[in-house]
Amino acid sequence: MRQSDHEVPTRLERAAGDLIGLAADPPEDFALRVLRRVGIQREQYDTYVRLETPAGGLFVAAGPDAVTGAALDSAGLTATAFEERHRVRTHRSAIPAAKPFPGVVTALRTGRARRLPIDLSGLTTAERAVLEAVRTIPSGQLRPVGWIAREAEVPATAVVGALASNPVAVLIPSHRVTHDGGAPCDADLVPGAGDALRAAEGIDLDREVELRRGGVVFLGSDTTRIYCHPTCAHARRIVPRHQVPFRTAREAGRAGYRACKSCRPVTV
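An account of the accompanying structure is given in this report. No experiment lies behind these values; they were computed from the predicted model shown.

Rules and cut-offs
Residues numbered from 1 in each chain as written. Predicted model: local features only at pLDDT ≥ 70, side-chain atom pairs only at ≥ 80, totals over all residues. Heavy atoms only, no water. Salt bridge = Lys/Arg side-chain N within 4 Å of Asp/Glu carboxyl O. Helix = DSSP H or I, 4+ residues; strand = E, 2+ residues; numbered from the N terminus. Buried < 20%, exposed > 50% of the residue type's maximum accessible area, 1.4 Å probe, protein only. Pairing = 2+ DSSP bridges.

A word on the pattern of salt bridges. Counting across every chain of the model gives eleven salt bridges. Between Glu 84 and Arg 87 there is a salt bridge; the shortest N-O distance is 2.6 Å. With a gap of three residues between them, Glu 84 and Arg 87 both fall in helix H3 (residues 79–90), about one helical turn apart. You can call Arg 87 partly exposed: its relative accessible area is 32%. The shortest N-O distance in the salt bridge between Glu 208 and Arg 212 comes to 3.9 Å. Remark: Arg 212 and Glu 208 occur in helix H9 (residues 205–213); sequence separation between them is four residues, near one turn of the helix.

See the structure below:
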């Protein structure tokens, strides 16, 4: 019996479907292997991975010597969109890789990324100064915009704009910056991301806002005669009966208190 004309393409389609079913996803570093195979030098491109954070997935890109970008996917950012954004900003392609840049995982786990090499080229001098000041804020602590401006030696009006230009989300912890009234800044983060990151670090933002509303900017200890920012590790160890509130650094100085050398409420 002769095969009908339409049976052959039907069988071919079934065979093709069977082959597709046998296909496997390429390894994460497939593109990287191809580049190496054809002799493309490592200095000519960046690699990136996706890591988990309390605020969702974080794409982290790096060159041979430093982290070059990071962005949360909590706003629906896809890998393709991250690659394109990275290319527009750095003029370098970002290729998926299996392993992150050395030190990134530890920095995310501990919240300590101050020693992590980060490439901020492409930003203005003022923007780099602001972001470097933000990098010095310890995990679990907050600093107001005015403090950032003083540390970076830039006008306070320049701080929020610089934070909004932060190309390395989370690793440069803008979620630890507040407006001078105590409210979170979060200039480079989608709504909710900053709250998740602060909660993971044990930061009680409500307490900070409540203190500010009551006019309390610094807390002193009547035993050490030292005053700090309220979230400073030293301030958190002051038991309530020994806490002395201050509205200004001048007020604390007049009362005979010295500025903490750790959180630097004034230039020390």
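Next comes the rest of the write-up.
Counting buried positions along strand E3 (residues 67–72) yields six of six residues, so the element is predominantly enclosed. With five bridges connecting them, strand E2 (residues 56–62) and E3 associate as antiparallel partners. Bridge assignment links Ala 62 to a residue of E3, and that residue is Val 67.

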